[in-house]
Amino acid sequence: MRSRSSGREKRDDCGCQRDFPPSFNLAFKSYQDKTGVSVTYGGIGSGGGIRSLKDRVVDFGGSDAYLSDKEMSEMPSATVHVPTCMGAVVMAYNLPGVKDLKLTGEIIADIYLGKITRWNDNRIQTVNPGLNLPDRVLNPVYRSDGSGTTFVFSDYLTKISGEWADRVGTGKSLKWPAGLAAKGNPGVAGIISQTPGTIGYVGSEYAFALNIPIAQLKNKAGRFISPNAESISATASGEMPADTRTMITNAPASDAYPISCFTWIILYKEQAYNGRKLRRKKR
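The paragraphs below set out a description of the structure included in this document. (Residues numbered from 1 in each chain as written. Predicted model: local features only at pLDDT ≥ 70, side-chain atom pairs only at ≥ 80, totals over all residues. Heavy atoms only, no water.)

Along the chain, histidine 81 falls in strand β4 (residues 79–93). Residues histidine 81 and lysine 269 lie 188 residues apart in sequence; the distance between their C-alpha atoms is 9.3 Å. For histidine 81, the contacting residues outside a window of four places in its chain are Tyr66, Leu67, Met72, Asp243, Thr244, Arg245, Trp264, Ile265 and Ile266. Among the polar contacts made by the side chain of histidine 81, one reaches the main-chain amide nitrogen of leucine 67 at a distance of 3.0 Å. (Helix = DSSP H or I, 4+ residues; strand = E, 2+ residues; numbered from the N terminus. Contact = heavy atoms within 4.5 Å. Polar contact = N/O pair within 3.5 Å; in protein donor to acceptor, adjacent residues only side chain to side chain.)

This is the structure we're talking about:
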C-alpha cells in the first residue's frame, strides 16, 4: 500500500496506502485534472497500508488481498471493497542466455521451500527439454514487508502444494524457508534485474517496466501460459460474490494465467467520520 503525505484537513487532497500499479498514476492525474483533488501515496506494502487505514490516517487503501472476516471485524467501522482492475503475479528471473523458461507450481513451491537449489535441477530441466540450464546456484527472492502480492502468490502455492500448505500457508507476511528478502515490488524486481541466478515473484507491471524475463507457468488445465491481458482476463470468468472478495488463482479456464488477481480499493462505507467535511474544491 502507499502512504499518504499531504494535508487531510483541507480535504483538497486524498491520501491512500498501497503498492499500486503504475497505471494508477495516470488515473490519479486524470482525477486531479477533473476535480482539483490530488491523490498522494507511498509504497509501504499492504500490511502497513491496512494498519494506516485502521488508524484512519489515510483516506483509503488498496490491495491485491481482500480483508478477511476477522480483519473486517477489527476495523473501527464497516469497510467496502471496490475492485478496480486485474493483475498478475509473475515469476521474474535473471539467467543470462536462457529465454522462454517454463515452470510449474510444484517447482516454484520447492524452490521457496529450499528443496531446489540449482538451476539445472532435473525437475526444472524436465519441463524445459530444449533449454541448456546452467549448473549455478538458484536464489529465490521474496517480500520482506507484508503485501497483497505475497498473499496472492502464497494463495496459489497453497492450492498447488500440500507441503507448502502445511509448512508455510497463505498470508501477507510469511516465515520463508529459503531465499533473499527485499522490500516492495520495486525491491524484489531490482534485486532480480541486478543479480544473475535469482528468481522472484513480482507484480507483472514491475517486471514489464524493467524488461526482466518472465517464466511461463503451467495452469490448472495443463498448459504453459504467459501473462498478458487475455490470459489474466480469462481467470475472471466465474461469478463475483456480492462483497467482491474472491481469489482467482489457479483458475480452471484453459487459457487462464494461474497467478492472476483483482486489485481492490478498500475504504470506509461511511466517509463522514472524525469531523471530516466532504466537499469538492472550487475551481
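Attention now goes to the nonpolar core. Membership of the largest hydrophobic core comes to 53 residues, with the highest contact counts inside it found for Met91, Leu103, Tyr112, Phe153 and Trp164. Contributing elements (two or more residues each) for this core: β4, α4 (105–112), β6 (139–143), α6 (148–160), α8 (184–194), β8 (198–203) and α9 (204–210). Leaving out residues up to four positions away in the same chain, tryptophan 164 has contacts with Ala109, Tyr112, Leu113, Ser154, Leu157, Thr158, Gly169, Leu174 and Trp176. Among the nonpolar cores identified, the runner-up in size contains 11 residues, and Ile248, Trp264, Tyr268 and Tyr273 belong to it. (Core = buried A, V, L, I, M, F, W, Y, C linked by side-chain atoms within 4.5 Å. Buried < 20%, exposed > 50% of the residue type's maximum accessible area, 1.4 Å probe, protein only.)

Once that is clear, we can look at the packing of α4 against α6. Interaxial distance between α4 and α6 falls to 9 Å at its minimum, and their mutual angle equals 110°. Comparing the axis directions of α4 and α6 gives the class roughly perpendicular. Remark: the crossing between α4 and α6 carries left-handed chirality. Residues Gly105, Glu106, Ile108, Ala109 and Tyr112 of α4 lie in contact with α6, whose contacting residues are Phe153, Tyr156, Leu157 and Ile160. When its residues are assigned to classes, the contact of α4 with α6 shows seven nonpolar, one polar and one charged. (Axes fitted to C-alpha atoms, helices over the stretch in contact; angles between N-to-C directions. Parallel < 35°, antiparallel > 145°, perpendicular 65-115°, else oblique. Left-handed = near helix turned anticlockwise from the far one by under 90°. Nonpolar A, V, L, I, M, F, W, Y, C, P; charged D, E, K, R; others polar.)

With that out of the way, let us pick up α6. In an α-helix, one turn spans 3.6 residues, which is why side chains three or four residues apart end up on the same side. Across its 13 residues, α6 extends 19 Å between first and last C-alpha, which sits within 8% of the 18 Å expected from 1.5 Å per residue. With 10 of its 13 residues buried, α6 lies for the most part within the structure. Regarding α6, the residues found buried are Gly148, Thr149, Thr150, Phe151, Val152, Phe153, Ser154, Asp155, Tyr156 and Leu157. (Expected span 1.5 Å × (residues − 1).)

Next up on the list: the pattern of salt bridges. On inspection of all chains with the given rule, the structure shows 13 salt bridges. With a closest N to O distance of 3.2 Å, lysine 29 and aspartate 33 form a salt bridge. One end of the pair is lysine 29 and the other is aspartate 33, both in helix α1 (residues 23–35) and four residues apart, which spans about a single turn. Here aspartate 110 ties to arginine 123 by a salt bridge, and the two come within 3.2 Å at their closest N and O atoms. Of the two residues, aspartate 110 sits in helix α4 while arginine 123 sits in helix α5 (residues 122–126), which places them 13 residues apart along the sequence. Look at aspartate 110 and you get buried, because its relative accessible area is 13%. When salt bridges that share partners are traced, they join Asp110, Lys115, Asp121, Arg123, Glu163 and Arg167 into one network. (Salt bridge = Lys/Arg side-chain N within 4 Å of Asp/Glu carboxyl O.)

Our next topic: the sheet that holds strand β10 (residues 224–225). Read from one edge of the open sheet, three strands run β5-β9-β10, paired in mixed fashion. Single-partner strands in this sheet number two, and they are β5 (102–103) and β10. Relative to strand β9 (residues 216–218), β5 runs parallel, the two sharing two bridges. Bridge assignment links lysine 102 to a residue of β9, and that residue is glutamine 216. (Pairing = 2+ DSSP bridges.)

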